[in-house]
Amino acid sequence: MHRWPLEDKPLLVFYETTKACPLACRHCRANALLKPLPTELSTKEAMKLMDDLTGFGKPYPILIMTGGDPLTRDDIFELIDYAKSLGIPVALSPAVSTRLLNDDTLRNLKGKVSSVSISLDGARPETHNYIRRTALEPIDVFKSTLEVFRKLREYGIEFQVNTAVMKLNVHELPQVFKIVKDSGANAWEVFFLIRVGRGMELEPLDPWESEDVVQFLYDASLYGLPIRTVEAPFFRRVIMQRNSGVKYVGGKLYQELVASLRELMGEPPINIKQPSFTPTRDGYGIIFIASDGSIYPSGFLPLTLGNVRKDNIVKIYREHPVLRSIRDARFNGKCGICEFRNVCGGSRARAFTELGDPLGSDPACVYEPPMK
């Protein structure tokens, strides 16, 4: 596979099709609602967005339809079919609800989407159900999630599992990993909490806990399941260090997580390829379209760049000064002098949320680059 030209076009375009969702997750970036907002892009406007995406040229970015719950849109299959007719690959990020993510839906999705992402935020029903609370009738979301894994496998639809990590569930990560691996998922994507939306009420990891977790994720990746992180791009620095033979002793949390991982999984196979990555970050290889058409560097970085109703997404991605600075790794503080800045670049969303500077240093990264 040729290297994706991240400077020229995003690899992933996230389109928040709606804020409507039957769940009321405690860490939701979107502050999702029960009913759609009148400001959402219409069917015609969403199709125009897809037309504009073809301006990036082939191969087109992957269009990830997210929300809220995209299945709450009456026209969701019309939009998926239109993207497919243009040759744009589509992935879907639905919420687990007994009403919408059913057999008919999965039957319709087969062959139309490249993958589906499903969230699992705890290894125990108590944890997952607490985080993924419902806004409607009470359901056992944990049980429903495991059932969806089974059905996705049954229908032959590729899927990844997303896990938001925070102090509340960090000790369950090895058990979550085992569930994900056993489920037949194609990847595990671990989200590091950014305090936006409903996430303000939950407690993120402190920097050294974050380091222990990304080091643990390296160990977990040696079992053959691809692992990616969201808002913890310093995982790539860890991959490069560990692949080159750098040892990590770690703190108490790391030692606990790895001991639990070995107890659950045994020793990792000896023939697994070293972990690798694509160096995307907020605004570089990633762009986010909100339900009202607003363009952001990512879903966790609420810095408005324009709106697809009046601005061309290709022009915004290639020419916006903030995105050009991110693309050129022109960061402030230690991120600006770090030798890993081009492959990591720090979480732009966390720098903006905590420091008010989208080009600032990532407060969650403990690495101290050598002084020049």
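Structure's up top.
Residues numbered from 1 in each chain as written. Predicted model: local features only at pLDDT ≥ 70, side-chain atom pairs only at ≥ 80, totals over all residues. Heavy atoms only, no water.

A. Structural view of the overall build of the protein. Regarding its fold elements, the protein presents 13 helices and 11 strands. Here the C-alpha radius of gyration of the protein, 20 Å, is about what a compact globule of 372 residues would show, namely 21 Å. Taken over 372 residues, the protein has a buried fraction of 57%. Put simply, of all contacts in the protein between residues at least 6 apart along the chain, 74% involve residues at least 24 apart. Of the roughly 15,800 Å² that the protein leaves accessible, carbon and sulfur atoms contribute 54%. In the protein, 48 positive and 45 negative side-chain charges are present, and the distance between their average locations comes to 3 Å. (Helix = DSSP H or I, 4+ residues; strand = E, 2+ residues; numbered from the N terminus. Rg over C-alpha atoms; globule rule 2.2 N^0.38 Å. Buried < 20%, exposed > 50% of the residue type's maximum accessible area, 1.4 Å probe, protein only. Contact = heavy atoms within 4.5 Å. Areas by Shrake-Rupley, 256 points an atom, 1.4 Å probe, with all protein chains shown as cover. Lys, Arg positive; Asp, Glu negative; His and termini not counted. Charge placed at Lys NZ, Arg CZ, Asp CG, Glu CD.)

B. The packing of aromatic side chains, seen in detail. With the rule as written, the count across this model stands at nine aromatic pairs. Between the aromatic rings of Phe288 and Tyr296, the centroid separation amounts to 6.3 Å while the plane-to-plane angle is 40°, which identifies the pairing as tilted. No difference in accessibility class separates Phe288 from Tyr296, as the two residues are buried. Joined through ring pairs, the aromatic side chains of Phe177, Trp188 and Tyr223 make up one cluster. Positioned over the ring face of Tyr317 is Arg327, at 5.9 Å from the centre of the ring. Just above the ring of Phe331 sits the side chain of Arg348; from NZ or CZ to the centre is 4.2 Å. (Phe/Tyr/Trp six-rings, centres within 6.5 Å; stacked < 30°, edge-to-face > 60°. Lys NZ or Arg CZ within 6 Å of the ring centre and 35° of its normal.)

C. Expanded view of the pattern of salt bridges. With the rule as written, the count across this model stands at 26 salt bridges. Arg150 is paired through a salt bridge with Glu147; the nearest N and O atoms lie 2.5 Å apart. Here Arg150 pairs with Glu147, and both are found in helix H5 (residues 141–155), just three residues apart, close to one helical turn. Residue Arg150 is classed as partly exposed on the basis of its relative accessible area of 34%. The closest approach of N and O atoms between Asp328 and Arg330, which form a salt bridge, is 3.0 Å. Exposure remark for Arg330: the relative accessible area of 46% places this residue in the partly exposed category. Through salt bridges that share partners, Asp219, Arg242, Arg262 and Glu267 make up one connected network. (Salt bridge = Lys/Arg side-chain N within 4 Å of Asp/Glu carboxyl O.)

D. Structural context of the nonpolar core. Leu63, Met65, Trp188, Phe192, Val213, Phe216 and Leu217 are the most contacted members of the largest nonpolar core, which totals 102 residues. Contact partners of Leu63, with chain neighbours within four places excluded, come to Val13, Tyr15, Met50, Leu53, Ala83, Ile88, Pro89, Val90 and Ala91. Core analysis: the second largest hydrophobic core is formed by 11 residues, Phe191, Leu202, Val230 and Leu301 among them. (Core = buried A, V, L, I, M, F, W, Y, C linked by side-chain atoms within 4.5 Å.)

E. Looking closely at the side chain of Asn307. For Asn307, the position within the fold is in strand S11 (residues 306–307). Residue classification places Asn307 among the buried positions, given a relative accessible area of 13%. Within the local environment of Asn307, its side chain forms a polar contact with the backbone nitrogen of Arg309, the two atoms lying 2.8 Å apart. For Asn307, the contacting residues outside a window of four places in its chain are Asp292, Gly293, Ser294 and Ile295. (Polar contact = N/O pair within 3.5 Å; in protein donor to acceptor, adjacent residues only side chain to side chain.)

F. Representation of the pairing of strand S9 (residues 285–289). Most of S9 is tucked away, with five of its five residues classed as buried. Across four bridges, strand S1 (residues 12–16) lies against S9 in parallel orientation. Paired with Tyr15 across the two strands is Ile289, which belongs to S9. Sheet topology places strand S8 (residues 281–282) next to S9; two bridges connect them, and they run parallel. By the bridge assignment for S9, Asp282 is matched with Ile286. By the bridge criterion, two bridges tie S9 to strand S10 (residues 294–296) in an arrangement that is antiparallel. For Ile289, the partnering residue across the bridge sits in S10 and is Ile295. Between S9 and S10, which pair antiparallel and follow one another directly, the connecting turn spans four residues, one of which, Gly293, has a positive phi of 95°. (Pairing = 2+ DSSP bridges.)

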